[in-house]
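Per-entry structural report
This is what each chain is made of:
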Amino acid sequence: MSEKSVIDTELLQQYVDSLGVDGLKTTLATFDGVIQEYAKLIHTAAKERKEDELRKQAHKVKGACSSVGLSQLAEMMKRVEKEKWEWPQVERWLIEWADAVIPHRQQIDAWLATHH
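As annotated in an unreviewed UniProt entry, the chain carries the name Histidine kinase and is attributed to Idiomarina piscisalsi.

Structure (structure tokens):
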């Protein structure tokens, strides 16, 4: 998988150009806090099998991921939000998403270390 498909480097560069490296780091720190709360809400909705709530939370997570250039994570949440699915399938998707958050987020840090 290429770096481009996981993170939106064009968006990240726009942030660096407009906010500076420190501004982007502040934005990412905010994201890191928010995404943990969103992940808990998604987990609860899935555990309680509340489809409407899960789709609503997936929409929020999609937006949060998109806003910091985590394009593949956003796409994964778009599926949860919009597609037809059965519970076993969506539970697998949520596990895949959760397993990908840290490595994808680390790709932004790696990119930032070499591209500013």
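That covers the picture; the talk isn't over yet.
To continue, consider the side chain of histidine 104. Tracing the chain through its elements places histidine 104 in helix α5 (residues 87-114). At 3.3 Å, the side chain of histidine 104 and the side chain of glutamine 72 are in polar contact. If we ignore the near neighbours within four places in the chain, the residues touching histidine 104 are Val6, Ile7, Leu70, Gln72 and Leu73.

Turning next to helix α4 (residues 71-82). The end-to-end C-alpha distance of α4 is 16 Å, a good match for the 16 Å that 12 residues give at a rise of 1.5 Å each. Regarding α4, the residues found buried are Gln72, Leu73, Ala74, Met76, Met77, Val80 and Glu81.

Now for the layout of surface pockets. Of the pockets and cavities examined, the largest pocket occupies roughly 270 Å³. Lining the largest pocket are 15 residues, and of these Ala39, His43, Leu94, Trp97 and Ala98 lie nearest its centre. Residues that form the lining of the largest pocket fall into these classes: 11 nonpolar, 2 polar and 2 charged.

Taken from the UniProt record, the annotation "modified residue: Phosphohistidine" (unreviewed entry) applies to His59. Position of histidine 59 relative to the elements: it lies in helix α3 (residues 51-67). The class of histidine 59 is partly exposed, set by a relative accessible area of 42%.

Definitions and cut-offs
Residues numbered from 1 in each chain as written. Predicted model: local features only at pLDDT ≥ 70, side-chain atom pairs only at ≥ 80, totals over all residues. Heavy atoms only, no water. Helix = DSSP H or I, 4+ residues; strand = E, 2+ residues; numbered from the N terminus. Polar contact = N/O pair within 3.5 Å; in protein donor to acceptor, adjacent residues only side chain to side chain. Contact = heavy atoms within 4.5 Å. Expected span 1.5 Å × (residues − 1). Buried < 20%, exposed > 50% of the residue type's maximum accessible area, 1.4 Å probe, protein only. 1 Å grid on protein atoms, 1.4 Å probe; cavity = no way out; pocket = protein on both sides within 12 Å on 5 of 7 lines; lining within 4 Å. Points joined across faces, edges and corners; volume = space filled by probe spheres on them. Nonpolar A, V, L, I, M, F, W, Y, C, P; charged D, E, K, R; others polar. UniProt positions renumbered as here; feature names shortened; annotations may be inferred.

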